[in-house]
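Structure assessment
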Amino acid sequence: MDIADVASDLSQALYSDQQIQDRIAQLATQIDADYADRADQDLILVGVLNGAVMVMADLARKLKTHCQMEWMAISSYGSGTTSSGVLRPLKDLSVDVTGRHILVVEDIIDTGLTLSYLVDNLRSRGPASVEVMTAFRKPEAIKCPVDVKYVGFDIPAQFVVGYGLDYAGRYRNLTGLGVLDPKVYAQG
Ligand code: 5GP
């Protein structure tokens, strides 16, 4: 679905499918260049389920660098439009990352809590390097202690949906990104 299909649920359309694809392509070019001298071992992309599914699929296909696609799932207890702050791992990687180059692929960084937890967890496994790419970043993320090397778009501090990001399980398959109209939460 695209923005026009759910226009009445959005208070603002932020980015179209094409704008997102163009930006991910630019980041892929940058990542290819940055990893060109590390081609002795394939890069490991670590996506965070479920939100990073779209950005992972798009980034991986735009890269010319060989890469493995791995997934982790982290629960932040609770639901709705704010996170609870308590994290626990739900699904781990299926490979040993000791001595490997890792690129974490995130959908969105809000407080940065999920990301710091994940990066600390990955660093403790002795990888050669850990860098982070995110499709979207909110202003709060500035307080996050983790350096984010590749950022698709800096967006306002509002609850957004689309491009893998859901509300109550919906809108992940929206190709663009928009701000969810608060009347949608009110409906329950
Ligand atoms: P953080 O730990 O950085 O505060 O939050 C990260 C997670 O919260 C994201 O991976 C995402 O699942 C969820 N999240 C944060 N902001 C939004 C948003 O605006 N929309 C949606 N749908 N999820 C969000």
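Residues numbered from 1 in each chain as written. Predicted model: local features only at pLDDT ≥ 70, side-chain atom pairs only at ≥ 80, totals over all residues. Heavy atoms only, no water.

1. A few points about the nonpolar core
Of all hydrophobic cores here, the largest spans 29 residues; its most connected members are Ile31, Leu59, Leu103, Met133 and Phe136. Broken down by secondary-structure element, the contributors of at least two residues to this core are helix H1 (17–35), strand E2 (43–49), helix H2 (53–62), strand E5 (101–109), strand E6 (129–137), strand E7 (150–154) and strand E9 (177–180). Sorting elements by how many residues they give to this core places H1 first, with 6 residues. With near-sequence residues (within four places) excluded, Leu103 lies in contact with Ile31, Tyr35, Leu43, Ile44, Leu45, Val46, Leu59, Glu131, Val132, Met133 and Tyr150. (Core = buried A, V, L, I, M, F, W, Y, C linked by side-chain atoms within 4.5 Å. Buried < 20%, exposed > 50% of the residue type's maximum accessible area, 1.4 Å probe, protein only. Helix = DSSP H or I, 4+ residues; strand = E, 2+ residues; numbered from the N terminus. Contact = heavy atoms within 4.5 Å.)

2. Remarks on the sheet that holds E9
Read across the sheet, 3 strands follow the order E1-E9-E8 without closing on themselves; strand pairing throughout is antiparallel. Since the sheet does not close on itself, it has two edges, and those belong to strand E1 (10–15) and strand E8 (160–161), each with one partner. Alignment of E1 against E9, held across 4 bridges, turns out to be antiparallel. What sits directly across from Tyr15, in E9, is Leu177. (Pairing = 2+ DSSP bridges.)

3. Considerations on the pattern of salt bridges
When their charged atoms lie close together, side chains carrying opposite charge are able to pair. One pass over the structure, following the stated rule, counts 9 salt bridges. Across the salt bridge formed by Arg38 and Asp37, the nearest N and O atoms sit 4.0 Å from each other. When its relative accessible area of 66% is taken as the criterion, Asp37 is described as exposed. (Salt bridge = Lys/Arg side-chain N within 4 Å of Asp/Glu carboxyl O.)

4. Considerations on the side chain of Arg100
Along the chain, Arg100 turns up in the loop between strand E4 (88–91) and E5. Buried within the structure, Arg100 lacks any salt-bridge partner; Asp42 is the closest side chain of opposite charge, at an N-O distance of 5.7 Å. At 2.9 Å, the side chain of Arg100 forms a polar contact with the side chain of Gln41. Every residue in contact with Arg100, bar those within four places of it in the chain, is listed here: Gln41, Asp42, Ile44, Gln68, Pro127, Ala128 and Ser129. (Lys, Arg positive; Asp, Glu negative; His and termini not counted. Polar contact = N/O pair within 3.5 Å; in protein donor to acceptor, adjacent residues only side chain to side chain.)

5. What to know about the sheet that holds E6
Taken in spatial order, the 6 strands line up as E4-E3-E2-E5-E6-E7 in an open sheet, and their pairing is mixed. Of all the strands in the sheet, the pair left with one neighbour each is E4 and E7. Across this sheet, the average inter-strand angle for adjacent strands is 30 degrees, counted without regard to direction. Sheet analysis places E2 next to E5, joined by 4 bridges and oriented parallel. (Axes fitted to C-alpha atoms, helices over the stretch in contact; angles between N-to-C directions.)

6. Describing the packing of H1 against H2
The interhelical angle for the contact between H1 and H2, taken along N-to-C directions, is 50 degrees, at an axis separation of 9 Å. Considering their axes alone, H1 and H2 lie oblique with respect to each other. Between H1 and H2 lies a crossing whose hand is right-handed. Packed against H1, whose contacting residues are Gln21, Ile24, Ala25, Ala28, Ile31 and Asp32, the element H2 presents Val55, Asp58, Leu59 and Lys62 at the interface. Here the contact of H1 with H2 is composed, by residue class, of 6 nonpolar, 1 polar and 3 charged. (Parallel < 35°, antiparallel > 145°, perpendicular 65-115°, else oblique. Left-handed = near helix turned anticlockwise from the far one by under 90°. Nonpolar A, V, L, I, M, F, W, Y, C, P; charged D, E, K, R; others polar.)

7. Brief notes about H2
Along H2, the positions that sit buried rather than exposed are Val55, Met56, Asp58, Leu59 and Ala60. Looking at the buried residues of H2, the elements they touch are H1, E2, strand E3 (67–75), E5 and E6.

By themselves, these are just geometric observations and shouldn't be taken as functional.
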